[in-house]
Amino acid sequence: MADGIRVPGTWRHVFIRNGDYFLSDLFIYADGLIDCWGLVTLEEFEEKLRSGWVATELPDGARASGHELAAWRFGEPRTWHTPELLLAEVRDTIDELNGRPDSTDRCLEAVDAFLADRTEDKRAAVRDAYLAIPSTRRRYALGDMDLKDWPLQVLAAGPGGLVEGLSEPVGQEDYDEAISYFEERAEWLAERPLRVPADGPETPLAPAIHLYESFPLTPAEDPGTRGLRNGYQAPVTVEGTTYPTVTHAYWALATDVPSARAAIARAPHSTAARELAAEAGLRPDFEHVRTAVMARLLRAKFTQHPDLARILLDTADATLVYDDMHSAFWGDNGGRGRNWTGRLLELVRSELRA
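Each chain has its residues counted from 1, running along the sequence as written. Totals for whole chains, interfaces and linings use every residue, but because this is a predicted model, local features are given only for residues with pLDDT of at least 70 and side-chain atom pairs only at 80 or more, for both listing and counting. In computing side-chain properties, one takes all heavy atoms of the structure into account and sets aside hydrogens as well as water.

Novice: In this structure, what is going on with the overall build of the protein? I would like to understand it.
Specialist: Elements are defined by DSSP. Helices are runs of H or I of four residues or more, strands are runs of E of two residues or more, and each kind is numbered from the N terminus. If you tally the helices and strands in the protein, you get 12 helices and 11 strands. Taken over C-alpha atoms, the radius of gyration is set against a globule rule of 2.2 Å times the number of residues to the power 0.38. Against the globule reference of 20 Å for 354 residues, the protein gives a C-alpha radius of gyration of 30 Å, more extended than a compact globule. Referenced to the eigenvectors of the C-alpha coordinate spread, the extents of the protein come out at roughly 85 × 55 × 40 Å. Contact definition: two residues touch when any of their heavy atoms are within 4.5 Å. Taking as baseline every contact in the protein between residues at least 6 positions apart, the subset at least 24 positions apart corresponds to 49%. Working note: accessible area of the protein is about 20,400 Å², and carbon and sulfur atoms make up 52% of it. Lys and Arg are tallied as positive, Asp and Glu as negative. Neither His nor the chain termini are counted. Where a charge sits is defined by one atom per residue type, namely NZ (Lys), CZ (Arg), CG (Asp) or CD (Glu). Across the protein, the centroid of the 38 positively charged side chains sits 6 Å from that of the 58 negatively charged ones. To measure how exposed things are, a 1.4 Å probe is used in the Shrake-Rupley method; for residues, cover is taken only from the protein chains shown.

Structure, rendered in structure tokens:
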């Protein structure tokens, strides 16, 4: 938090050298600050790298530890980074956190520029942009697990050029295959926004609907989405007993005590129903069956009340965000809860539509 504003960030492992070597977390923030046992700017972080405070060399036999985890000495250590490489990766991370193109994105933009104007200068720009990607990230710049970066390496090298790891220069056939790869990739990327999974879109088309806490929830001719609340007074009959609301029925089925169930059915409001269930004691397995109980009760409510079923169906495919001041399990509660009531309402809505 800075001046009341949440600054996004991420983290990665690092060794801090403070006498011994300490396995720690390096926190990187979108505003360019980096926490390596103290907040520093990017320029100051570079000094930390040059001085070895953030270690990229791990001497054989040096003492190391992980806080409250283990202590050891390095034996034949191998490291993947130099100060320059780690700094370049951190710069990329800051770009990513800010939604800016990182070195990989800039390289792929250079490829697009080359495809639009296939001059040697444009291809040379691809080569320079590729070499600007930290070498630790070049293997999967294309996101292709099969070919890895082979087409990009070939395009960057050009006919007669050399690809790292091969002694033979790039032949014209390999180069033409790389060009074809990028042409097909450009077509696929252009079509991707139009593609829809076979069983429908991945995200709702309708805007989310927030089902806020609302009192009192008395019957109304047109309750709107208030009628979707579990405390709305719509009698539900389950196992031969009628309960004033879904909440009453839920707490009745939470206990195995017949007298408590009868008392809950007569409770004046949902708070009293919850207190009666707590006094009687919950079923020992209720924690594990409560979602099934709620799903059953919601099915009963909306099949027994067609007018409320219509309200639920009219929410289309919207995400239903349910507030529950008593439970972060059933409610979303400002993004801190699991929203199980909202999720089960969406399930029952789909069943009703089917």
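Picking up where we left off.
Novice: Would you take a moment to explain the environment of Trp-340 for this structure?
Specialist: Inspection of the secondary structure puts Trp-340 in helix α12 (residues 340-353). When sequence neighbours within four positions are dropped, the list of residues in contact with Trp-340 reads Thr-291, Phe-329 and Trp-330.

Novice: Is there a simple way to explain unusual backbone geometry in this structure?
Specialist: Phi is mostly negative for residues that are not glycine, and the peptide bonds are mostly trans. The phi dihedral of Glu-239 falls on the positive side, at around 50 degrees, and the residue is not glycine. For Glu-239, the position within the fold is in the loop between β9 (236-238) and β10 (241-243). Given the relative accessible area of 53%, Glu-239 is considered exposed. The phi torsion at Asn-339 lies on the positive side, around 60 degrees, for a residue other than glycine. Burial status follows relative accessibility: with a 1.4 Å probe on protein chains alone, a residue under 20% of its type maximum counts as buried, one over 50% as exposed, and anything between as partly exposed.

Novice: Would you mind showing me how to read the packing of aromatic side chains here?
Specialist: Aromatic rings in a pair are described by how distant their centres are and how their planes are angled relative to each other. Here the aromatic set is Phe, Tyr and Trp, taking the six-membered ring for Trp, and pairing holds for ring centres within 6.5 Å; pairs whose planes are under 30 degrees apart are stacked, those over 60 apart are edge-to-face, and all others are tilted. Under the defined criterion, the tally for this structure stands at 11 aromatic pairs. On the numbers, 6.4 Å between centres and 80 degrees between planes, the contact of Trp-72 with Phe-74 is edge-to-face. Given a relative accessible area of 31%, Trp-72 falls into the partly exposed group. For Phe-74, a relative accessible area of 9% puts it in the buried group. Between the aromatic rings of Tyr-250 and Trp-251, the centroid separation amounts to 5.1 Å while the plane-to-plane angle is 75 degrees, which identifies the pairing as edge-to-face. On the basis of relative accessibility, which here comes to 6%, the residue Tyr-250 falls in the buried class. Through a chain of ring-to-ring contacts, the aromatic side chains of Tyr-250, Trp-251, Phe-286, Phe-329, Trp-330 and Trp-340 assemble into a single cluster.

Novice: Quick question: what am I supposed to make of the packing of helix α5 (residues 150-157) against helix α6 (residues 172-191) here?
Specialist: When two helices pack together, their arrangement is given by the angle between their axes and by how far apart the axes lie. Axes, fitted as lines to C-alpha atoms, cover a helix only where it is in contact. Angles between the N-to-C directions of the axes lie from 0 to 180 degrees. Axis separation between α5 and α6 bottoms out at 9 Å; the angle between their running directions is 120 degrees. Comparing the axis directions of α5 and α6 gives the class oblique. Of the two elements, α5 crosses α6, and the hand of that crossing is left-handed. For the pair α5 and α6, contact is made by Trp-150, Pro-151, Leu-152, Val-154 and Leu-155 and by Asp-174, Tyr-175, Ala-178, Ile-179, Tyr-181 and Phe-182, respectively. For the contact of α5 with α6, the per-class residue count stands at 10 nonpolar, no polar and 1 charged. Convention used here: angles under 35 degrees read as roughly parallel, angles over 145 as roughly antiparallel, angles from 65 to 115 as roughly perpendicular, and any remaining angle as oblique. Crossing handedness is defined as follows: a turn of the near helix away from the far one that is anticlockwise and smaller than a right angle gives a left-handed crossing, while the clockwise case is right-handed. Amino acids outside the nonpolar list (Ala, Val, Leu, Ile, Met, Phe, Trp, Tyr, Cys, Pro) and the charged list (Asp, Glu, Lys, Arg) are all regarded as polar, and Gly is one of them.

Novice: Even after reading the chapter, I still don't get helix α8 (residues 258-265), so can you show me in this structure?
Specialist: Note on helix geometry: an α-helix contains 3.6 residues per turn, so any two residues three or four positions apart are oriented the same way. Within α8 the residues assigned to the buried category are Ala-260, Ile-264 and Ala-265. An end-on view of α8 places all buried positions within 140 degrees of arc, on one side of the element. Along α8, exposed side chains directed more than 90 degrees from the buried face belong to Pro-258 and Ser-259. Looking at the packing, one finds that the buried side of α8 touches β10, α7 (246-253) and α9 (270-280). It is the directions from the helix axis to the C-beta atoms that the arc portrays.

Novice: For this particular structure, what's the right way to read the pattern of salt bridges?
Specialist: A side chain with one charge can pair with a side chain of the opposite charge if their charged atoms come near. Salt bridges are identified by distance alone: a Lys or Arg side-chain nitrogen within 4 Å of an Asp or Glu carboxyl oxygen. Summed over the entire model, instances satisfying the criterion amount to 18 salt bridges. Notably, a salt bridge pairs Arg-100 with Asp-95, separated by 3.0 Å at the nearest N-O pair. Residue Arg-100 is classed as partly exposed on the basis of its relative accessible area, which comes to 40%. Note on Asp-95: relative accessible area 13%, which makes it buried. With its nearest N and O atoms 3.3 Å apart, the salt bridge here joins Arg-137 to Glu-96. Remark: Glu-96 occurs in helix α2 (residues 83-97) and Arg-137 occurs in the loop between α4 (120-131) and α5; sequence separation between them is 41 residues. Its relative accessible area of 25% is what places Arg-137 among the partly exposed residues. Each member of the salt-bridge network shares a partner with another, and the members are Glu-46, Arg-50 and Glu-84.

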